[in-house]
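# Working through the structure, step by step
Letter by letter, the chains look like this.
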Amino acid sequence: MRRLKYALSLALGLFLAAPAVSAPAFADDTPQLLVDKSLGSLRAVLSEKGLEPARGYLKQAKGVLIVPDLVKAGFILGGQAGDGVLLTKAADGSWNGPAFYQVIAGSIGLQAGVESREALFLVMSDSGLQKLMQNEMKLGADASVAIGTVGAGVGASSTGNPEADILVYSKSKGLFGGGSIEGGVVKPKPEMNSAYYGGAVTPDAILMKGTRNAAGAAELRKELAQYD
C-alpha cells in the first residue's frame, strides 16, 4: 500500500509539474536502511539469470549507483523515481562511499500499472563519473546510457551500446508497459549525505577524495570488492 501511494503521488506530481518534479521519499527510507537495501539489491541483480554480463561490466566500472526501488507509475503520463547510493572504485580496487542520490525520469505514452525495479547504474567512464559530481546530470544528454533488463517478459543479457558512459541493469518486481530512463535526471541528496555523515559533505569529498567511509556501509563495500 505504501508503494502504491508513492506511485500515485509520483504520477500526479508528473502530471501537475512535468517535466521537473521532486519525488517523495518513503517515510522509512533512512540513510542506513537505504544502504542495507542497496546491498540486497546488488546481490539480487547480479545473481539474476540473464544478467550475467553485469558482473563482468562491474569489474571494469568506475562506480555504481544502486537504486533498490526505482518505481514506475503512470496512467498515460508516467514517470520513474527512486533514491539510491553511489560508490566509486579507488585505484587499489577498494570502494569509496556511499553518497546518496535520486533518479527522476518522466515519459509520455499509453501506459498503465505500477512497477518497482532494483537497478544498477554502472558508471563505465571517467567522464560519466565526473558528471555525477555535479548538482544534476541528465541521462542521455550529459552522459550516454545503454539499458539491459530482465523481467516482465522482456529480457536482454547485454546492452546495445557497451561503449556508453553508463550501463543500466535492472530486475523488475511488477508489470508495466512503456517508459524509459533516458532523459531522466540523477542528482545528489545533500540532506541524506549530511544525515549519514553527521554534517555537510559533498559527493566529491566522499567519492573522489575518499575522506568519508561510513562503517555502516562496510559490508556493501566488501561485496563490491569481490568484483575487482
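Heads up: these notes are all about the structure in this document. (Residues numbered from 1 in each chain as written. Predicted model: local features only at pLDDT ≥ 70, side-chain atom pairs only at ≥ 80, totals over all residues. Heavy atoms only, no water.)

### Notes on the overall build of the chain
When its secondary structure is counted, the chain shows 7 helices and 7 strands. In sequence order, the chain lays out its α and β elements as α-α-α-β-β-α-β-β-β-β-β-α-α-α. Counting only residues that meet the buried cut, the chain has 53% of its 228 residues in that class. Counting contacts in the chain only where the partners sit at least 6 residues apart, residues at least 24 apart contribute 72% of the total. For the chain, the computed accessible surface area is about 9,800 Å², with 54% contributed by carbon and sulfur atoms. (Helix = DSSP H or I, 4+ residues; strand = E, 2+ residues; numbered from the N terminus. Buried < 20%, exposed > 50% of the residue type's maximum accessible area, 1.4 Å probe, protein only. Contact = heavy atoms within 4.5 Å. Areas by Shrake-Rupley, 256 points an atom, 1.4 Å probe, with all protein chains shown as cover.)

### With respect to helix α5 (residues 190-197)
When we look at burial in α5, the residues that qualify are M192, N193, Y196 and Y197. In a view along the axis of α5, the buried residues occupy a sector of 115°, so they form one face of it. For α5, the exposed residues set more than 90 degrees away from the buried face come down to P190 and A195. (Arc of directions from axis to C-beta.)

### Some points on the nonpolar core
If you look at the biggest cluster of nonpolar residues, it comprises 56 residues, and the most contacted ones within it are L58, Y101, F121 and L122. When residues in this core are grouped by element, the largest group, 10 residues, is from strand β2 (residues 95-123). (Core = buried A, V, L, I, M, F, W, Y, C linked by side-chain atoms within 4.5 Å.)

### Considering the packing of helix α2 (residues 31-46) against α5
A pair of packed helices can be characterised by two numbers: the angle between their axes and the separation between those axes. Following both chains from N to C, one finds α2 and α5 inclined at 95°, their axes separated by 9 Å at the closest point. Overall, the two elements α2 and α5 adopt an arrangement that is roughly perpendicular. Note on element contacts: α5 touches α2 through M192, A195 and Y196, opposite P31, Q32, L34 and V35. Of the residues assigned to the contact of α2 with α5, the class counts are 6 nonpolar, 1 polar and no charged. (Axes fitted to C-alpha atoms, helices over the stretch in contact; angles between N-to-C directions. Parallel < 35°, antiparallel > 145°, perpendicular 65-115°, else oblique. Nonpolar A, V, L, I, M, F, W, Y, C, P; charged D, E, K, R; others polar.)

### Describing the pattern of salt bridges
In total, this model carries 8 salt bridges according to the counting rule given. Residue R43 pairs with E219 through a salt bridge whose shortest N-O separation is 3.1 Å. Here the residue R43 occupies a position in helix α2, and E219 occupies one in helix α7 (residues 218-225), the gap between them amounting to 176 residues. Here R43 falls in the partly exposed class, since its relative accessible area comes to 37%. Here E223 and R43 are joined by a salt bridge, their closest N and O atoms 3.2 Å apart. Note that E223 is positioned in helix α7 and R43 in helix α2, a separation of 180 residues in sequence. Taken together, the salt bridges that share partners define one network made up of R43, E219 and E223. (Salt bridge = Lys/Arg side-chain N within 4 Å of Asp/Glu carboxyl O.)

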